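Structural overview
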Amino acid sequence: MDKILFVDSCIRKDKSRTLILAKALLNKLNGDVECLDINTDRPLPLAEETLALRDKLSQESKFDDSFFRYANQFANADIIVIAAPYWDMSFPAVLKSYIEQVSVCGITFHYTNEGIPEGLCKCKKLYYVTTAGGYTENMNFGYDYIKGMCNIYYGIKDVEFISAEGLDIWGNDPEKILSDAINNI
Ligand SMILES: Cc1cc2nc3c(=O)[nH]c(=O)nc-3n(C[C@H](O)[C@H](O)[C@H](O)COP(=O)(O)O)c2cc1C
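What you see is a predicted model; the values in this text were computed from it and never measured.

Turning next to helix H5 (residues 93-102). Burial within H5 is extensive, with 7 of its 10 residues counted as buried. Within H5, the full set of buried residues consists of Val 94, Leu 95, Ser 97, Tyr 98, Ile 99, Gln 101 and Val 102.

Here it is, written out as structure tokens:
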């Protein structure tokens, strides 16, 4: 049974369209879903003291320390679903903090002798789910960043973008756009 990690970065829990779309995707996937709500769990951005602690733990190879729980969980998932609304042409800041915690040399990637990053993640497929008030078009910076991290650092080559867009544009029918996006999964 595949281990599916669901990284929920949706902020508006009771009415998030992104969460609805992500749940429709999760319903179609086969596996055990582990939910990580990063608005409840709130990974913190790295600061001077946490960076120093991370360096110390890494130098001592204490990669099973709970400090690295996000990175270990990410590295061990077979499938990952990240759900994040399109905010300020990217995604909510808490997701960037999460990525900082996940990007640990020795857990999710390492460097080859030639100094090239090489992925250590088990994940065979990552889905990035979003909804946008307008259109992401060529300003899909959030997705592009996650895809870049997956391809270059984590070794996750198969990354798929799923979205419903134009939801806040006057005259559009957001319910229909969302149900079409769900049917397209
Ligand atoms: C803080 C914030 C920033 C946003 N930034 C953008 C943006 O840059 N471009 C855009 O098209 N929509 C933007 N939106 C609209 C959201 O993308 C849209 O409403 C989305 O469907 C919200 O997802 P949710 O229903 O899961 O909360 C923004 C909304 C908020 C609250």
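Counted under the stated rule, the structure contains 11 salt bridges. Its salt-bridge partner being Lys 56, residue Glu 60 comes within 3.3 Å of it at the nearest N-O pair. Residue Lys 56 is classed as partly exposed on the basis of its relative accessible area of 46%. One salt bridge in this structure joins Glu 60 and Lys 62, with 3.1 Å as the shortest N-O distance. According to the relative accessible area criterion, Lys 62 is partly exposed, its value standing at 40%. Within the structure, one salt-bridge network assembled from shared partners comprises Asp 8, Lys 13 and Asp 37.

Once that is clear, we can look at the site of the ligand. Within the structure, the ligand sits among 16 residues, and Ser 16, Thr 18, Tyr 86, Gly 134 and Asp 168 are positioned closest to it. Within the side chain of Arg 12, an N or O atom sits 2.7 Å from an oxygen atom of the ligand. The contact in question runs from an oxygen atom of the ligand to an N or O atom on the backbone of Gly 133, over 3.1 Å. The fraction of the free accessible surface of the ligand (640 Å²) that becomes covered by protein chains is 74%. Each residue belonging to the shell around the ligand can be placed in one class, and the counts come to 6 nonpolar, 5 polar and 5 charged.

Take the sheet that holds strand E1 (residues 3-8) next. Taken in spatial order, the 5 strands make up an open sheet running E2-E1-E3-E6-E7, and their pairing is parallel. Among the strands making up the open sheet, the edge pair consists of strand E2 (32-37) and strand E7 (159-164). Adjacent strand axes in the sheet meet at a mean angle of 15 degrees, parallel and antiparallel pairs treated alike. The pairing of strand E3 (residues 79-83) with strand E6 (residues 125-131) spans 5 bridges and is classified as parallel. Bridged to Ile 80 within E6 is Leu 126. On top of the sheet, helix H1 (residues 17-28) reaches E1, E2, E3, E6 and E7; it is set at about 150 degrees to E6, its chief contact. Contacting E1, E2, E3 and E6, H5 crosses the sheet at an angle of about 135 degrees to E1.

Cut-offs applied
- What you see as residue numbers is a count from 1 along each chain, following the sequence as written.
- At least 70 in pLDDT is required for a residue's local features to be given in this predicted model, at least 80 for side-chain atom pairs to be given and counted, and no such filter applies to totals for whole chains, interfaces and linings, which use all residues.
- Note: side-chain values were computed over all heavy atoms of the structure, leaving out hydrogens and water.
- Exposure is judged per residue with a 1.4 Å probe applied to protein chains only, and the accessible area is read against the type maximum: over 50% gives exposed, under 20% gives buried, and values in between give partly exposed.
- Only runs of H or I of at least four residues qualify as helices and only runs of E of at least two qualify as strands under DSSP, and these elements are numbered from the N terminus.
- Should a side-chain nitrogen of Lys or Arg be within 4 Å of a carboxyl oxygen of Asp or Glu, the pair is scored as a salt bridge.
- A single heavy atom is enough: if one lies within 4 Å of a molecule or strand, its residue is considered near that molecule or strand.
- Throughout this description, a polar contact denotes any pair of N or O atoms lying within 3.5 Å of each other; where both atoms belong to protein, one of them has to be capable of donating a hydrogen while the other can accept it, and for residues adjacent in sequence the pair is counted only when both atoms sit in side chains.
- Only the protein chains shown count as cover for residues, and all accessible areas are computed by the Shrake-Rupley method using a 1.4 Å probe.
- Any residue outside Ala, Val, Leu, Ile, Met, Phe, Trp, Tyr, Cys, Pro, Asp, Glu, Lys and Arg is labelled polar, Gly included; the first ten of those are nonpolar and the last four are charged.
- Only strands joined by at least two bridges in the DSSP assignment are considered to pair.
- Fitting a line to C-alpha atoms yields each axis, with helices limited to the stretch in contact; the angle taken between N-to-C directions then spans 0 to 180 degrees.
- When checking whether two residues touch, look at their non-hydrogen atoms; a contact exists if any pair is within 4.5 Å.

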